[in-house]
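Structural description and commentary
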Amino acid sequence: EDPPDKPYREPVLAGAPRSIYGIVGDVLCQIELRRHLARFCESPIEIDLGAALIHMASRQIEVEPQFRLPRHRYRYDFAVFRIGATSPTVLVECDGIKWHSTKEQLANDASKDRAAIEAGTRVVRLTGKEIHRDPYACARIVLWQCGVPA
């Protein structure tokens, strides 16, 4: 199932098996969560980071993959919302080397960051190498930007 083109305003856990809500580090829950995230995410690093964010703070944040800001053409890997918020606290980009290394791609990333800033939202960019090395350390950076203790 392809991710929707319009903004996706349900937390990523909507429709997930109920066992995911009670994540306590159980391996089976982690596998289910990653399988559910794979329906929305475009790369393994996105799945890794999304799973870490949800595992660490699922009661305090909502994670929305493939998010588009209203009236903007750019799509962000994740929008992170405080529970009950109507606009994202932080937009997250997972920068794999394949899609974020040429001069043109870097210029596009800069334009994307400006669009988010103009909309009043912070952007956190994490490299694929950082996410592969320690997705939980990366999740802590995102949560800190959201004002959520990790």
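Summarised in this report is the structure supplied together with it.

**Concerning the nonpolar core**
In globular proteins that are soluble, nonpolar side chains generally tend to be buried together. Counting residues in each nonpolar core, the largest one holds 27 residues, and the members touching the most others are L49, L53, I61, V92, L126 and V142. Contributing elements (two or more residues each) for this core: α1 (27–38), α2 (44–57), β1 (61–68), β2 (75–82), β3 (90–95), β4 (122–127) and α5 (135–146). The greatest single-element share of this core, amounting to 8 residues, is contributed by α2. In contact with V142, other than residues within four places in its own chain, are L53, V80, V90, V92, V124 and L126.

**Here's the deal with the environment of Y76**
By the element assignment, Y76 lies in strand β2. When the C-alpha atoms of Y76 and E64 are compared, they prove to be 9.5 Å apart, with 12 residues separating the residues in sequence. In contact with Y76, other than residues within four places in its own chain, are Q66, F67, L69, L91, V92, E93, K112, A115 and A116.

**A look at the sheet that holds β4**
The sheet built from 4 strands is open, its strands ordered β1-β2-β3-β4 with mixed pairing. Here the strands that pair on one side only, and so sit at the sheet edges, are β1 and β4. Each strand of the sheet is rotated relative to its neighbour by a mean of 30°, with strand direction disregarded. Inspection of the sheet shows β1 paired to β2 by 7 bridges, in the antiparallel sense. Among the inter-strand pairings, V63 is bridged to a residue of β2, identified as V80. This element, helix α3 (residues 103–118), spans β2, β3 and β4 of the sheet and lies at about 150° to β4.

The rules behind the values
Residues numbered from 1 in each chain as written. Predicted model: local features only at pLDDT ≥ 70, side-chain atom pairs only at ≥ 80, totals over all residues. Heavy atoms only, no water. Core = buried A, V, L, I, M, F, W, Y, C linked by side-chain atoms within 4.5 Å. Buried < 20%, exposed > 50% of the residue type's maximum accessible area, 1.4 Å probe, protein only. Helix = DSSP H or I, 4+ residues; strand = E, 2+ residues; numbered from the N terminus. Contact = heavy atoms within 4.5 Å. Pairing = 2+ DSSP bridges. Axes fitted to C-alpha atoms, helices over the stretch in contact; angles between N-to-C directions.

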